[in-house]
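Okay, here's what each chain looks like letter by letter:
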Amino acid sequence: MPDESDVKFYELSLSDRLEQLSKESGVPLEALKVLTGEASLSPEQANHMVENAIGVFVLPLGVARNFIVNGRELLVPMAIEEPSVIAGASFMAKLARSGGGFTAETTQPEMIGQLQLLDVSDLEQTRKKILDHRDDLLKLAAGVDPVLLRFGGGPRDLIVRTIEDSAIGAFLVVHLIYDVRDAMGANAINTALEKIAPKVAEISGARVHLRILSNLADRRLARATCTIPLADLAFGDYSAEMVRDGILEAWAFAEADPYRAATHNKGIMNGVDAVVLATGNDWRAVEAGAHAYAARNGRYTSLSTWTKDKAGNLCGFLEMPMAVGIVGGATRVHPAAQVALKLMKVETAAQLAEVIVSVGLAQNLAALRALATEGIQRGHMGLHARQVAVAAGAVGSEIDRLANQLTQEKTIRTDRAEQILKEWRKQ
Ligand code: MEV
């Protein structure tokens, strides 16, 4: 997996990569073939997943290498259409190896469900009334998912909040805190909320309006740290100090400015979403949670933190909500998601979250390192030029030839690619 074999992996043909992956992971070749897309999600399966299904939509799937998370070597499947992301993650994971890789952890998998209580005349008295029935309500909520209870999950707490000021005046919000264990948890939470809603209405005399989970899953956090030894940061004409300080300056920009923070966090989500997607999880939920968390102190800011330690090494930290599961939903139905989980050898949702947050941190480092030194375009060019060549209609050997010419001309545009192709084909 590490170092020089990485170069070899990149150079292998598609089918040889699969064989190599099978050898490294112990997952049988037959099972891995699902990842090629040929035997993946069928239109018939899709028909059971969404309404008006007409087929499936596929994305490139790659594997990030060199990752060590909590001392464990792993291969990380990533579904993404953007060039440079998988290479960036793999390269940064390699840099992180000499500092021990990534150390990651999660909080308990507690999701939050919300009930909106309207037409409340005395907010404080109603709040107290509901809290007096806290234990009964939790018991009622526990009854909806005996499987989750058996695995140690279930309702944990009931909190009543007051929204003092809104377009419709003041109202109450009940938060049901629910430990969803290895599930993403949306169904468990929403079912439990709908179960307790009539009882809450009865106790409070209020009109219970919305009953839905919150994607600001700030009780279900994942955290990763890494240390990049200073000396390993040097490359080309850039000294290690220049690279490190350039990264710290780039981070300070994101920390201070929402315009930059949005792009900085988008870079993190390039890595996060790709793994979330490859494992059949709800990436919109993770996206929503990430950005809401980034604005939790009233100003949108960077999700990550970069500092230097006493020895001058570069230290990264990322903390974000991570509502992902390994049971239920598309993680169970999508054949490629199942294989992706096997490839990573994750056995709990917490382990999956730890891998994802580590990839997010690696991806952030890849972007900052490039931006703080040679710029982002250089790394992008090769694959981007190939994408443009294919979009312009190049086939077979034309693809590489056209991509080379576009790169040389430093004009990577589809109109120019079409023009060149037309000229070649005329000759
Ligand atoms: C591009 O997909 C992601 C970056 O813009 C992230 C960043 O600017 O930090 C390169």
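Computed from a predicted model, the values in this text were never measured in an experiment.

Along its length, the protein carries 18 helices and 10 strands. Computed over the C-alpha atoms, the radius of gyration of the protein is 24 Å, within 12% of the 22 Å expected from 2.2 N^0.38 for a compact globule of 427 residues. Taken along the three principal axes of its C-alpha coordinates, the protein extends 80 × 55 × 45 Å. Contacts spanning at least 24 positions in sequence make up 70% of the contacts within the protein whose residues lie at least 6 apart. For the protein, the accessible surface area stands at approximately 20,700 Å², while carbon and sulfur atoms represent 53% of it.

Under the criterion given, the structure shown has 21 salt bridges. Across the salt bridge formed by R386 and D400, the nearest N and O atoms sit 2.2 Å from each other. Placement of R386 in helix α16 (residues 377-391) and of D400 in helix α17 (residues 397-409) is noted, with a sequence separation of 14 residues between them. On the basis of relative accessibility, which here comes to 43%, the residue D400 falls in the partly exposed class. Between R413 and D415 there is a salt bridge, with the nearest N and O atoms lying 2.9 Å from each other.

To continue, consider the packing of helix α11 (residues 258-278) against helix α15 (residues 349-371). At a minimum axis distance of 8 Å, the contact between α11 and α15 shows a crossing angle of 135°. By the angle between their directions, the pair α11 and α15 is classed as oblique. Relative to α15, α11 is oriented so that their crossing is right-handed. Side by side, α11 and α15 meet where R260, H264, G267, I268, N270, G271, V272, V275 and V276 of the first sit next to I356, V359, G360, Q363, N364, L368 and L371 of the second.

Turning our attention to the pairing of strand β6 (residues 171-179). Counting buried residues along β6, nine of its nine residues qualify, which places the element largely inside the surrounding structure. Where strand β4 (residues 110-118) meets β6, eight bridges bridge the pair, whose relative direction is antiparallel. Bridging from a neighbouring strand, L117 pairs with L172 of β6. Relative to β6, strand β5 (residues 154-163) is paired through nine bridges, and the arrangement is antiparallel. Counted as the bridge partner of I163 is F171 from β6.

The subject of this paragraph is the domain arrangement of the protein. Domains assigned within the protein are domain 1 (110-213), domain 2 (221-332 + 346-374) and domain 3 (380-426). Look at where the C-alpha atoms of domain 2 and domain 3 centre, and you get two points 33 Å apart.

Moving on: the confidence of the model for the protein. Per-residue confidence for the protein gives a mean pLDDT of 94; residues scoring 70 or more make up 98%. Below pLDDT 50 for its whole length, residues 1-7 participates in 16 contacts with residues either more than four positions away or in separate chains.

One pass over the structure, following the stated rule, counts two aromatic pairs. Look at F67 and F102: their rings are 5.5 Å apart centre to centre, the planes differ by 25°, and that puts the pair in the stacked class. Highlighted residues: F67 in strand β1 (residues 61-69) and F102 in the loop between α5 (85-97) and β3 (103-106), separated in sequence by 35 residues. On the accessibility criterion, F67 (0% relative accessible area) is buried.

What follows is about the sheet that holds β4. With antiparallel pairing, four strands are arranged side by side in an open sheet as β5-β6-β4-β7. The sheet terminates laterally at β5 and β7 (207-214), the two strands that pair on one side only. For this sheet, the mean angle separating the axes of adjacent strands, direction not counted, is 20°. Pairing of β4 with β7 involves six bridges; the strand directions are antiparallel.

Another point: helix α2 (residues 14-25). The end-to-end C-alpha separation of α2 is 16 Å, in line with the 16 Å expected for 12 residues at 1.5 Å each. Every buried residue belonging to α2 is among L18, L21, S22 and S25, and all of these are buried. Buried residues of α2 fall within an arc of 100° about the axis and therefore sit on the same side. Downstream of α2 by one or two residues, G26 has phi in the positive range, about 80°.

Thresholds applied
Within any chain, residue numbers begin from 1 and follow the written order of that chain's sequence. At least 70 in pLDDT is required for a residue's local features to be given in this predicted model, at least 80 for side-chain atom pairs to be given and counted, and no such filter applies to totals for whole chains, interfaces and linings, which use all residues. Where side-chain values are given, they derive from all heavy atoms of the structure, hydrogens and water being excluded. Put simply, DSSP H or I for four residues or longer makes a helix, DSSP E for two residues or longer makes a strand, and each gets a number counted from the N terminus. A radius of gyration in this sense is built from C-alpha atoms; the matching globule rule multiplies 2.2 Å by the number of residues raised to 0.38. Here, two residues are considered to be in contact whenever any of their heavy atoms come within 4.5 Å of each other. Note that accessible areas follow from Shrake-Rupley with a 1.4 Å probe, and for residues the cover is restricted to the protein chains shown. Any Lys or Arg side-chain nitrogen found within 4 Å of a carboxyl oxygen on Asp or Glu counts as a salt bridge. Exposure is judged per residue with a 1.4 Å probe applied to protein chains only, and the accessible area is read against the type maximum: over 50% gives exposed, under 20% gives buried, and values in between give partly exposed. Note on geometry: axes are C-alpha line fits, over the in-contact stretch for helices, and angles between N-to-C directions span 0 to 180 degrees. By the definition adopted for this analysis, an angle is roughly parallel if under 35 degrees, roughly antiparallel if over 145, roughly perpendicular if from 65 to 115, and oblique otherwise. Left-handed describes a crossing whose near helix is turned anticlockwise from the far helix by less than a right angle; the clockwise case is right-handed. Two strands pair if DSSP finds at least two bridges between them. Note that the domain bounds were set by an automatic or database domain assignment. The pLDDT value expresses, per residue, how confident the predictor is, ranging between 0 and 100. In this scheme Phe, Tyr and Trp rings, the latter by its six-membered ring, pair at centre separations within 6.5 Å, and the angle between planes marks the pair as stacked below 30 degrees, edge-to-face above 60, and tilted otherwise. Each helix should span, by expectation, one fewer than its residue count multiplied by 1.5 Å. Here, the arc refers to the directions that run from the helix axis to the C-beta atoms.

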